[in-house]
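# Residue-level structure breakdown
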Amino acid sequence: MVREIKENELNQLLELYLHLHETSLPEESEHLAQTWQTIMRDENHHIIVKIVDDRIVSSCVCVIIPNLTRGVRPYAFIENVVTHKDYRGKGYAKECLNFAKEIAKQMNCYKIMLLTGAKEDATLNFYKCAGYNCTDKTAFIQWLE
């Protein structure tokens, strides 16, 4: 089953993020709780999850960004695409991306953008097979401390 995350599933999501780039779980704090509540209340912030055996095994984030160009149509941004290492290669991340695409269509988005830090051919080919291309735009990132 693919669906949007439920409010009580934060800990499962944070554990899944250990398979992304995190090295430890964040400390339980007021800041974490406030951030989670902000995300849960934001109608433009969608955390999509794949559930297998009552467990979150794959996820992505889809944020809808209001926009004043392209006929005042919003665009979608995909981030934090991750699948638990024991569940990779089964199409679960693609299911999450397809769910995000449907949200973007329902919100009348004119495009979906996705950035990845991955350099491995398998990961880049995965995104290409999911319908994304790396030729239309050039991404620049400035990391802030």
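For the structure, see preceding data.
Heads up: these notes are all about the structure in this document.

Parameters at a glance
- Residues numbered from 1 in each chain as written.
- Predicted model: local features only at pLDDT ≥ 70, side-chain atom pairs only at ≥ 80, totals over all residues.
- Heavy atoms only, no water.
- Pairing = 2+ DSSP bridges.
- Helix = DSSP H or I, 4+ residues; strand = E, 2+ residues; numbered from the N terminus.
- Axes fitted to C-alpha atoms, helices over the stretch in contact; angles between N-to-C directions.
- Contact = heavy atoms within 4.5 Å.
- Parallel < 35°, antiparallel > 145°, perpendicular 65-115°, else oblique.
- Left-handed = near helix turned anticlockwise from the far one by under 90°.
- Nonpolar A, V, L, I, M, F, W, Y, C, P; charged D, E, K, R; others polar.
- Buried < 20%, exposed > 50% of the residue type's maximum accessible area, 1.4 Å probe, protein only.
- Expected span 1.5 Å × (residues − 1).
- Arc of directions from axis to C-beta.

One open sheet holds the 5 strands; their spatial order is β1-β2-β3-β4-β5, and the pairing between them is mixed. The sheet terminates laterally at β1 (2–4) and β5 (112–114), the two strands that pair on one side only. Between one strand axis and the next, the sheet turns by 30° as a mean value, whatever way the strands run. Where strand β3 (residues 55–65) lies against strand β4 (residues 75–83), 7 bridges are found, and the strand directions are antiparallel. The residue of β4 that forms the bridge with I64 is A76. Each of β1, β2 (45–52), β3, β4 and β5 touches helix α3 (residues 92–106); the most contacted strand, β3, lies at about 30° to it.

This part is about the packing of α3 against helix α4 (residues 121–129). Put simply, α3 and α4 touch, their axes get as near as 11 Å, and they point 40° apart. Judged by the inter-axis angle, α3 sits oblique to α4. Considering how the two elements wind past one another, α3 and α4 form a crossing that is right-handed. Between α3 and α4, the residues in contact are A93, K94 and L97 and F126, Y127 and C129, respectively. Tallied by class, residues from the contact of α3 with α4 come to 5 nonpolar, no polar and 1 charged.

Another aspect to go through is the environment of G71. Counting through the fold element by element, G71 comes out in the loop between β3 and β4. Under the relative-accessibility criterion, G71 is labelled exposed at 65%. In this structure the C-alpha to C-alpha distance between G71 and M107, which are 36 residues apart in sequence, comes to 13 Å.

Most of β2 is tucked away: 7 of the 8 residues are buried. Looking at chain direction, β2 and β3 are connected through 8 bridges and run antiparallel. By the bridge assignment for β3, V49 is matched with S59. Hairpin connection from β2 to β3: 2 residues lie between these consecutive antiparallel strands, with D53 at a positive phi of about 55°.

A few words now on helix α2 (residues 30–41). The end-to-end C-alpha distance of α2 is 16 Å, a good match for the 16 Å that 12 residues give at a rise of 1.5 Å each. L32, W36 and I39 are the residues of α2 that are buried. Around the axis of α2, the buried residues are gathered within 60° of arc, so they sit on the same side. Summarising the geometry of α2, the exposed residues directed more than 90 degrees from the buried face are E30, H31 and R41. In this fold, the buried residues of α2 make contact with α1 (10–16) and β2.

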